[in-house]
Each structure stands twice: as C-alpha cells, then as structure tokens.
Amino acid sequence: DQPFVSIVTPLFNMAAYLPECIEGVLAQTYGNFEWVIVDNQSTDGSYELAARHAATDSRIRLVRNPKFLDMLSNFNEALAQASPAAKYVKYALADDVLFPECVARLVEVAEKEPTAGMVGSYYLFGEELGGAGVPRGQRVLAGREACRLMLRGGKFMVGSPTSVLYRAGVVRARRPCFRPGRLHADTELAYEVLLEHDLGFVHQVLSFIRTDNVSFTTSTQAFHPNLLDRLIVLELYGAKVFGPEEFSRLRADVRRAYFRFLGRASLRRKPPRFWEYHRAGLASVGITLRPGALVPWALGAMVRLALDPLTTVPLVAREVRKRLAGASGDLGRAGG
C-alpha cells in the first residue's frame, strides 16, 4: 500500500563518504523504493563501490554517464533516471546521510497533505540544527508564507535536496529541474515549487548534511555568500510574495547591508576569486558591479571604523599579522 519512491544519488568521486550514504539509504524503514545512483565518470573507486552493492541488492540501479557532466546537469540526469512510476522523488547526496525513518516520515506527511509540493524536516548541518521556521505542531505551511518567512531572513525550512522529499509530478514538470548556471539552483527550485504549492514539514531530525568535506557549498564559504544569496532570492521572488511597499523597504535594507559588506571587503584586499564570485552572483539577477561603485561604501566603512576604535584596533592588528605571516612565508620560500 506504500506509494513508490525513487531515491536518486548523483555521484562523482565520493568514495570517502559513500559507504555512510549507502548505509543510511539501505537502513530505511520504508519498503517501497528504488535507489538510482548516477555516476558521473568517477575516478576514485566510487563507481566500483556502488557496483558491488548494486550486485547484491535489487533495489539499487546503477547508471554511468557516458561522458562527464557539470554538477547541475548530473543532478538533472539523476532525476531523469527516476522511475516514471514513482509518486515521490528523494535525493540522497553521496556525502550526506538519511536517518532510518527519513523516507517513511516524509511520505507520511506528503500523503496526508496533498497540497504540499515538497516536504521538509529538521536536519543536521554539520553540528548545527537546521530547518526551523514552521510552527511546532503544524505539518503544512502555505507555500507563499514559507517564501515570505525565508525572504525576511533567519528562517530556512527547505535545507538541501537531501533533506526534502519532492512530489515527482511537480519536479518533472520543470525542464530542466535545476537551472544551469545558477549559484544555488536547489534553493531557487524550492522557491519556485513553493510559489505554486504548500510546504509539508516533519518536526523531527531526519538527515545529516556534511560540512567537513570539499563541496561547492563549503568551497564558497570563504566568499561569505549569505548576504549575496539573500539578495539574489529577494530579487527573483520578493515582488511575487510581498506588496510593493514591503518589498521596496526590504529590498533597500538587503542591498544596503550587502554593499556595506562589499565596501568593507574592498578595504581588506580580497582575492580575485572573491570578486569573481560576487560579480557572477549579481549578474545572475541583472546587477553589474561597475568600477568605482564601491567607493562610497568603502569610505563609509572607513568612517565607521574610525569612529569605533574598539573594533578598528583588533582588525588592524589581525591584518598586520596576516601580512607579516605572508612576508615570513615569502622569505622562507626565498631561502629554500
């Protein structure tokens, strides 16, 4: 009597983490599922490890891409490989872990709440608890209200693809599901689903999202992406869920906070990759970071620092230590 679920895993060079992912999927208390692993030309033994398990468990279907795909294309390929008979689709990213009741509890809410296009839950993001925002005891939240809570800041109920269950028809209707070239295509997918459908929610920790590995998310942490991410989603979806006055006010606040951050960053000699990342993010919503645009924000940052010596002195001392350390390293390399 259980609806059929396709669990899908886009895989590329995750041999160090795949055994824990496999253990989590195969320990599910839910019975009626297939697991499709789409290997993207792995070279570290990931494919061979998956193949050994597929040979002994009929629920696992292993697919190997004939050529290497970029990350989002591989995510879309994994979805395309899901069974047409599946009522629900569940991503299990190869470096994350599903807890035993994950699929069962998510499907339970999805079946009781037919207006929900996706169902989320609490999750562990490394050592931190994520997913807060849906009132306790409430298992469905209007999709547009969920968007408003997240766009106002401080709430993020949808986590990552590992922490949510999608209604298969909802994501299959999107072509492509994850849009190429986007910095956070999974977040944008969540907003677009919630503009048309409600959010189901399980008040239980059901998955673990790894943060101690090298991934796109962890590789961008040095760029301090949170303010940029908020600006992007607000530009894309704010006008669709807020009235004109509230949207204008919130947009001005977010832009001010973001460009103040960039003004401070311009004083700290950030590397070229930092600026490339932020220019690309701004360009994705039609904003061009022109030469000289940050001068007023940098001057404002300098004034605020001058008026706040308790903050300025530690910052200057830290910058001096960094430069001295860099000089010492240069001397050491020259001496070698």
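Residues numbered from 1 in each chain as written. Predicted model: local features only at pLDDT ≥ 70, side-chain atom pairs only at ≥ 80, totals over all residues. Heavy atoms only, no water.

*Asks:* Explain unusual backbone geometry to me, please; I cannot follow it from the model alone.
*Replies:* Glycine aside, residues mostly have negative phi angles, and peptide bonds mostly take the trans form. With an omega dihedral of -5°, the bond running from Arg 175 to Pro 176 counts as a cis peptide bond. Positioned with a positive phi, Asn 13 is a non-glycine residue whose angle comes to about 50°. Looking at the element boundaries, Asn 13 is found in the loop between β1 (5-11) and α1 (18-26). Despite not being glycine, Gln 41 shows a phi value in the positive range, around 60°. (Helix = DSSP H or I, 4+ residues; strand = E, 2+ residues; numbered from the N terminus.)

*Asks:* Help me understand a nonpolar patch on the surface, please; the structure alone is not making it clear to me.
*Replies:* Together, Leu 267, Val 295, Leu 299 and Met 302 make up a nonpolar patch on the protein surface, roughly 350 Å² of accessible area in all. Counting through the fold element by element, Met 302 comes out in helix α12 (residues 295-306). (Patch = residues over 30% accessible without salt bridge, like charges linked within 9 Å, V, L, I, M, F, W, Y side chains within 5 Å. Areas by Shrake-Rupley, 256 points an atom, 1.4 Å probe, with all protein chains shown as cover. Salt bridge = Lys/Arg side-chain N within 4 Å of Asp/Glu carboxyl O.)

*Asks:* Looking at this structure, I do not really get the packing of helix α7 (residues 185-194) against helix α9 (residues 226-241). What am I missing?
*Replies:* The description of two helices packed together rests on the angle between their axes and the distance between the axes. It is at 11 Å that the axes of α7 and α9 come closest, and there the two elements cross at 25°. For the element pair α7 / α9, the angle class is roughly parallel. In this structure, the crossing between α7 and α9 has a hand that is right-handed. Between α7 and α9, the residues in contact are Thr 187, Glu 188, Tyr 191 and Glu 192 and Ile 232, Val 233, Leu 236 and Tyr 237, respectively. Across the contact of α7 with α9, the residue classes break down as 5 nonpolar, 1 polar and 2 charged. (Axes fitted to C-alpha atoms, helices over the stretch in contact; angles between N-to-C directions. Parallel < 35°, antiparallel > 145°, perpendicular 65-115°, else oblique. Left-handed = near helix turned anticlockwise from the far one by under 90°. Contact = heavy atoms within 4.5 Å. Nonpolar A, V, L, I, M, F, W, Y, C, P; charged D, E, K, R; others polar.)

*Asks:* Help me understand the nonpolar core in this model?
*Replies:* Proteins that are soluble and globular tend to have nonpolar side chains buried together. Membership of the largest hydrophobic core comes to 64 residues, with the highest contact counts inside it found for Tyr 91, Met 118 and Leu 262. Here the element with the most residues in this core is helix α10 (residues 244-266); it accounts for 8 residues. Formed by 30 residues, the second largest nonpolar core is a distinct cluster that contains Leu 11, Tyr 30, Ile 60 and Leu 106. (Core = buried A, V, L, I, M, F, W, Y, C linked by side-chain atoms within 4.5 Å. Buried < 20%, exposed > 50% of the residue type's maximum accessible area, 1.4 Å probe, protein only.)

*Asks:* Hey, could you run me through helix α3 (residues 71-80) in this one?
*Replies:* Because an α-helix completes one turn every 3.6 residues, residues spaced three or four positions apart along the sequence face the same direction. Within α3 the residues assigned to the buried category are Leu 72, Asn 74, Phe 75, Asn 76, Ala 78 and Leu 79. Those residues of α3 that are buried lie in contact with β1, β2 (33-39), β4 (88-91), α6 (168-172) and α7. Near the N-terminus of α3, the side chain that reaches the backbone nitrogen of Leu 72, with its oxygen 3.2 Å away, is that of Asp 70. (Polar contact = N/O pair within 3.5 Å; in protein donor to acceptor, adjacent residues only side chain to side chain.)

*Asks:* Just to check I follow, could you spell out the packing of helix α5 (residues 143-152) against α9 for this structure?
*Replies:* Between α5 and α9, the least distance of the axes is 10 Å, while the angle of their chain directions is 140°. Between α5 and α9, the crossing angle belongs to the class labelled oblique. Of the two elements, α5 crosses α9, and the hand of that crossing is left-handed. Seen from α5, the contacting residues are Arg 144, Cys 147, Arg 148, Leu 151 and Arg 152; seen from α9, they are Arg 230, Val 233, Leu 234, Tyr 237, Gly 238, Lys 240 and Val 241. Of the residues in the contact of α5 with α9, the class split is 6 nonpolar, 1 polar and 5 charged.

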